[in-house]
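Descriptive structure summary
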Amino acid sequence: MPSTTPDVMISAQAIHKAFGDNEVLRGVSLDLLRGEVVAVIGPSGSGKSTFLRCLNHLETIDRGTILVEGEVLARSEGQAKAHYVAESEIRRIGHKMGMVFQSFNLFPHLTVLENIIEAPMLVKKLKREAIVPKAEALLKKVGLLEKRDAYPNRLSGGQKQRVAIARALAMDPDIMLFDEPTSALDPELTGEVLRTMRELANDRMTMLVVTHEMGFAREVANRVIFMDGGHIVEQAESAAFFAQPQHERTKAFLQNML
């Protein structure tokens, strides 16, 4: 049964998703708790990113149930195809979640500041003068206030990703989803993005992070989930997960990664 207790921010139960004959998710279930940082790791093609995209409706599920802060996004009874709530409800519930992608997705024709204020002005109908101080505060938080008037092509990859994080935060999400946020970055730029994410974790932001950064998973995540073949193979508190992995597939994966 999906959980509706106040501290469960996302309850995903028995999620199935296929692309044609390729079944990518095979009954994945997860409860994400308020203030929790959960790292999702696993080999390429294991279903990690697809699962994340299903949670915020970038992909639709075939079967299963998704609740966000107790509100139904999608639900299926038994083996029936999942039924989604009305489009207006999907958008409203979706605004509870911020998403940061691998590839930044900044608007190249807008300045850093304009990238951040665009969605609050369009979606929330906020006045520019109301959102600019908040946008500047977010840029200060991610260490990029001096870049407020720069265009994305003048930024490094790490700076672009930190702007993308600030842009997601500008919508006041209760939950942040990260889809391999450092995979497109050179190693020397990865650290600055991970520092920003650590600060969010210290602020008790609820975060679900698909990552290949084992150091982040070990040091920052409260819980680590290992996916393979469209299943959650193993999950545990971070320290226990790395100290005593239980499943042979997990052990083999960690040996290759550490």
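Residues numbered from 1 in each chain as written. Predicted model: local features only at pLDDT ≥ 70, side-chain atom pairs only at ≥ 80, totals over all residues. Heavy atoms only, no water.

1. Observations concerning the side chain of serine 46
How we decide: Helix and strand definitions here come from DSSP, where helices need a minimum of 4 consecutive H or I residues and strands a minimum of 2 consecutive E residues; each element is numbered from the N-terminal end. Note on classification: 1.4 Å probe, protein chains only; a residue is buried when its accessible area is under 20% of the maximum for its type, exposed when over 50%, partly exposed between these limits. N or O atoms closer than or at 3.5 Å make up a polar contact, with two conditions inside protein: a donor-capable atom paired with an acceptor-capable one, and, for residues adjacent in sequence, both atoms drawn from side chains. Contacts were defined at the residue level, with two residues in contact if any of their heavy atoms lie within 4.5 Å.
On the secondary structure map, serine 46 appears in the loop between strand S3 (37-41) and helix H1 (48-55). Taking relative accessible area as the criterion, serine 46 reaches 1% and is therefore assigned buried. Of note is the side chain of serine 46, whose polar atom sits 2.8 Å from the backbone oxygen of proline 43. Those residues in contact with serine 46 that sit more than four places away from it in its chain are Val24, Met227, Asp228, Gly229 and Gly230.

2. Regarding the pattern of salt bridges
Which entries qualify depends on this criterion: Each reported salt bridge corresponds to a side-chain nitrogen of Lys or Arg within 4 Å of a carboxyl oxygen of Asp or Glu.
Here the structure, examined in full by the defined rule, presents 17 salt bridges. Among the salt bridges present, the one from glutamate 36 reaches arginine 223, with a minimum N-O distance of 2.9 Å. You can see glutamate 36 sitting in the loop between strand S2 (22-33) and S3 and its partner arginine 223 sitting in strand S10 (residues 223-228), a full 187 residues away along the chain. Residue class for glutamate 36 comes out buried when judged on its relative accessible area of 11%. Take arginine 223: its relative accessible area is 14%, and that puts it in the buried class. Linking aspartate 172 and lysine 124 is a salt bridge whose minimum nitrogen-to-oxygen distance equals 3.9 Å. Here aspartate 172, found in the loop between helix H5 (157-169) and strand S8 (175-179), pairs with lysine 124, found in the loop between helix H3 (112-123) and helix H4 (128-141); they are 48 residues apart in sequence, far enough to count as distant. With relative accessibility at 46%, the residue aspartate 172 sits in the partly exposed group. Residue classification places lysine 124 among the partly exposed residues on the basis of a relative accessible area of 34%. If you follow the salt bridges from partner to partner, you end up with Glu71, Glu89, Arg92 and Lys96 in one network.

3. Some remarks on the pairing of S2
To keep things clear, this is the line we draw: At least two DSSP bridges between two strands are needed for those strands to be called paired.
Sheet analysis places strand S1 (residues 8-19) next to S2, joined by nine bridges and oriented antiparallel. Within the sheet, the bridge partner assigned to phenylalanine 19 lies in S2 and is asparagine 22.

4. Description of unusual backbone geometry
Look at glutamate 69: it is not a glycine, yet its phi comes out positive at around 50°. As for its position among the elements, glutamate 69 is in the loop between strand S4 (63-68) and strand S5 (71-75). The backbone phi angle of aspartate 172 is positive, close to 55°, even though this residue is not glycine.

5. Examining the pairing of S8
Keep this limit in mind: Handedness is read with the strands pointing away from the viewer; a crossover is right-handed when the path from the first strand over the helix to the second is clockwise.
Counted residue by residue, S8 has five buried out of five residues, so it is predominantly covered. Of the two faces of S8, both are covered, the one formed by Ile175, Leu177 and Asp179 as well as the one formed by Met176 and Phe178. Direction of pairing for strand S7 (residues 97-100) relative to S8: parallel, over a ladder of four bridges. Pairing of glycine 98 across the sheet is with methionine 176, part of S8. Two elements, S8 and strand S9 (residues 206-210), share five bridges in a ladder whose sense is parallel. Among the inter-strand pairings, isoleucine 175 is bridged to a residue of S9, identified as threonine 206. Once the chain exits S8 it traverses helix H6 (residues 187-202) before rejoining the sheet at S9, and the crossover so formed is right-handed.

6. Here we look at the packing of aromatic side chains
Formally: In summary, the pairing rule links any two rings of Phe, Tyr or Trp, Trp by its six-membered ring, whose centres are within 6.5 Å, and it sorts them by plane angle into stacked for under 30 degrees, edge-to-face for over 60 and tilted for everything else. The criterion for a charge sitting over a ring is simple: Lys NZ or Arg CZ within 6 Å of the ring centre, and within 35 degrees of the ring normal.
This model, assessed by the stated rule, comprises two aromatic pairs. Where phenylalanine 241 meets phenylalanine 242, the ring centres are 5.3 Å apart and the plane angle is 75°; that geometry is what we call edge-to-face. For phenylalanine 241, a relative accessible area of 0% translates into the label buried. Accessibility expressed as a relative area gives 10% for phenylalanine 242, which makes it buried. Sitting above the plane of the phenylalanine 242 ring, arginine 218 keeps its charged end 4.8 Å from the centroid.

The quantities given are spatial measurements derived from coordinates; they are silent on function.
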